[in-house]
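For reference, the chains in residue letters:
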Amino acid sequence: MANDRPRVLSGIQPTSGSFHLGNYLGAVRQWIALQESHDAFYMVVDLHALTLPQDPEELRANTRLAAAQLLAAGLDPERCTLFVQSHVPEHTQLSWLMECMTGFGEASRMTQFKDKSSKQGSDRTSVGLFTYPILQVADILLYQAHQVPVGEDQRQHIELTRNIAERFNGRYGATFTVPEPYILRETGKIYDLQDPAIKMSKSASSPKGIINLLDEPKASAKKIKSAVTDTGSEIRFDQEEKPGVSNLLTILATLTDTGIAELEQRYAGKGYGALKTDLAEIVSDWAAPFRSRTQAYLDDPETLDSLLAKGAEKARAVAVETLAQAYDKVGLLPSKH
């Protein structure tokens, strides 16, 4: 039974249009594996996207696009619960309780908020950007998640979630499961093809540094073939001396389920051109069916919306129960319909 399995919860923002290779290898690929061993809840976090100004039509389209790509990548609505965050109103309702449990100084110390707000300036930084880690706390605690698959950069947010869950439980009695981070170490970071010192990301990378999964194969191949390497010619994994080559080896190893050492042997005596040509072909072969599956979901929005509605129904069955318990614990008067 699914209920006997440990529960995981994770989410992805709908702001990026096409997923890039870093999204897939760093997170979504592990989500697919986890749905086999865990009671998995995955969501498109459209409310989190609102911390920055959004074009309404674009946000709606990107939300469907994110869901279509998750399904195309291999998430199975029969094996996991896939839904849109705003379809479950209990997220924002629980978030208010969590905000009232969080110290102002505690929220101010979130490094991602500090980074983003320092770039924007205080007048242009929304209160939503300040409190979004607390909405994230509510996202996790609402489903009594045991583990949260995240990259290393999100560890601080899981610590905040644990602290608030323990504080609530200490004050009101056992209510929330205290979650553990499930850090995706093996392929936690895929780096920018043009600047292998930074993580591949829509916000930080240049267009040439990102492989978008919905791009035409020729465009992706061109980016891979012009990826930064180094002045040497030896193909070996060395994050310090050869970050560009190491990044290409990591991508190839992950997509083909091959060990790095085996790849080093395979390319012994060969130049960087051989590695790049093979990688371009493998990325293209993998992305082609992904693109066609994504398009099939987008071409049938009724089926896609129906799948998301069923996912929200499954999610709400858990969320309603958790929220009712939390409201009761803090002393809110139950409504009688």
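Residues numbered from 1 in each chain as written. Predicted model: local features only at pLDDT ≥ 70, side-chain atom pairs only at ≥ 80, totals over all residues. Heavy atoms only, no water.

Threshold: UniProt positions are given in the numbering used here, feature names are shortened, and annotations may be inferred rather than shown by experiment.
The name given to the protein chain in an unreviewed UniProt entry is Tryptophan--tRNA ligase, with Streptomyces daqingensis as the source organism. Per UniProt, the protein chain carries the Sequence similarities (unreviewed entry) text "Belongs to the class-I aminoacyl-tRNA synthetase family." Per UniProt, the protein chain has the following entry under Subcellular location (unreviewed entry): "Cytoplasm".

A look at the UniProt feature "binding site: L-tryptophan" (unreviewed entry) in the protein chain
Quick reminder of the rule: Here, two residues are considered to be in contact whenever any of their heavy atoms come within 4.5 Å of each other. Identification of polar contacts relies on pairs of N or O atoms within 3.5 Å, with a donor-acceptor requirement for protein atoms, meaning one able to donate a hydrogen and the other able to accept it, and with residues adjacent in sequence counted only if both atoms are side-chain atoms.
Mapped onto the present numbering, the UniProt feature "binding site: L-tryptophan" (unreviewed entry) falls on Asp139. Sequence-distant contacts of Asp139, defined by excluding residues within four places in its chain, comprise Leu9, Met43, His48, Gln85 and His91. At 2.8 Å, the side chain of Asp139 forms a polar contact with the side chain of His48.

Digging into the pairing of strand β3 (residues 80–84)
So the rule is basically this: Note on classification: 1.4 Å probe, protein chains only; a residue is buried when its accessible area is under 20% of the maximum for its type, exposed when over 50%, partly exposed between these limits. Put simply, DSSP marks the helices as runs of H or I at least four residues long and the strands as runs of E at least two long, and each gets a number from the N terminus on. A pair of strands is considered paired only if DSSP assigns at least 2 bridges between the two.
Among the 5 residues in β3, 5 count as buried, and that is most of the element. Here β3 shows two buried faces, one formed by Cys80, Leu82 and Val84 and the other by Thr81 and Phe83. Relative to β3, strand β2 (residues 39–44) runs parallel, the two sharing 5 bridges. Each residue of the ladder has a partner; that of Tyr42, found in β3, is Leu82.

Comments concerning the nonpolar core
The line we're drawing: For our purposes a nonpolar core is just a set of buried Ala, Val, Leu, Ile, Met, Phe, Trp, Tyr and Cys residues, chained together by side-chain atoms within 4.5 Å.
Formed by 51 residues in total, the largest nonpolar core has its most connected members in Tyr42 and Leu70. The contact partners of Tyr42, leaving out residues within four places of it in the chain, are Val8, Ser10, Trp31, Leu34, Gln35, Leu75, Cys80, Thr81, Leu82 and Phe83. In this structure, Leu160, Ala165, Phe168 and Ala319 belong to the second largest nonpolar core, which totals 39 residues.

Some thoughts on the packing of helix α10 (residues 243–256) against helix α12 (residues 272–298)
The criterion, for reference: Between the N-to-C directions of two axes lies an angle of 0 to 180 degrees, each axis being a line fitted to C-alpha atoms and, for a helix, fitted only over the stretch in contact. Angle categories: roughly parallel below 35 degrees, roughly antiparallel above 145, roughly perpendicular from 65 to 115, and oblique for all the rest. Crossings are assigned a handedness: left-handed for a near helix turned anticlockwise from the far helix by less than a right angle, right-handed for a clockwise turn. Under the grouping applied here, Gly and all other residues not named as nonpolar or charged are polar, the nonpolar ones being Ala, Val, Leu, Ile, Met, Phe, Trp, Tyr, Cys and Pro and the charged ones Asp, Glu, Lys and Arg.
It is at 10 Å that the axes of α10 and α12 come closest, and there the two elements cross at 40 degrees. With respect to their mutual orientation, α10 and α12 come out oblique. Along this stretch, α10 crosses α12, giving a crossing that reads as left-handed. Between α10 and α12, the residues in contact are Val245, Leu248, Leu249, Ile251, Leu252, Leu255 and Thr256 and Tyr272, Leu275, Lys276, Leu279, Ile282, Val283 and Trp286, respectively. Tallied by class, the residues present in the contact of α10 with α12 amount to 12 nonpolar, 1 polar and 1 charged.

Section: the side chain of Thr294
If you trace the backbone, Thr294 turns up in helix α12. Using a relative accessible area of 1% as the deciding quantity, one classes Thr294 as buried. Within polar-contact distance, the side chain of Thr294 engages the backbone oxygen of Phe290 at 2.9 Å. If near-sequence neighbours (up to four positions away) are discounted, Thr294 is found in contact with Leu65, Ala68, Gln69, Ala72 and Leu214.

Things to note about helix α9 (residues 217–225)
Side chains three or four residues apart in an α-helix point the same way, a direct result of the helix having 3.6 residues per turn. Applied cut-off: Arc definition: it is the arc formed by the directions from the helix axis to the C-beta atoms.
If you check which residues of α9 are buried, you get Ser220, Ala221, Lys223 and Ile224. What you see down the axis of α9 is that its buried residues fit within an arc of 160 degrees, all on one side. Exposed residues pointing more than 90 degrees away from the buried face of α9 are listed as Lys218 and Lys222. Summarising the contacts, the buried residues of α9 are in contact with α12.

Quick word on the packing of aromatic side chains
One pair of aromatic rings is described through two measures. These are the centre distance and the angle between the planes. Note the cut-off: Stacked, tilted and edge-to-face are the three classes assigned to paired rings of Phe, Tyr and Trp, where Trp is represented by its six-membered ring and a pair needs centres within 6.5 Å; plane angles under 30 degrees give stacked, over 60 edge-to-face, the rest tilted.
By the definition in use, this model includes 8 aromatic pairs. Seen in terms of ring centroids, Phe104 and Phe130 are 5.1 Å apart; in terms of plane orientation they differ by 40 degrees. Their pairing is tilted. Pair noted here: Phe104 is in helix α5 (residues 104–108) and Phe130 is in helix α7 (residues 127–141), with a separation of 26 residues, a long-range link. Residue class for Phe130 comes out buried when judged on its relative accessible area of 14%. Taken together, the ring pairs connect Tyr24, Trp286 and Phe290 into an aromatic cluster.

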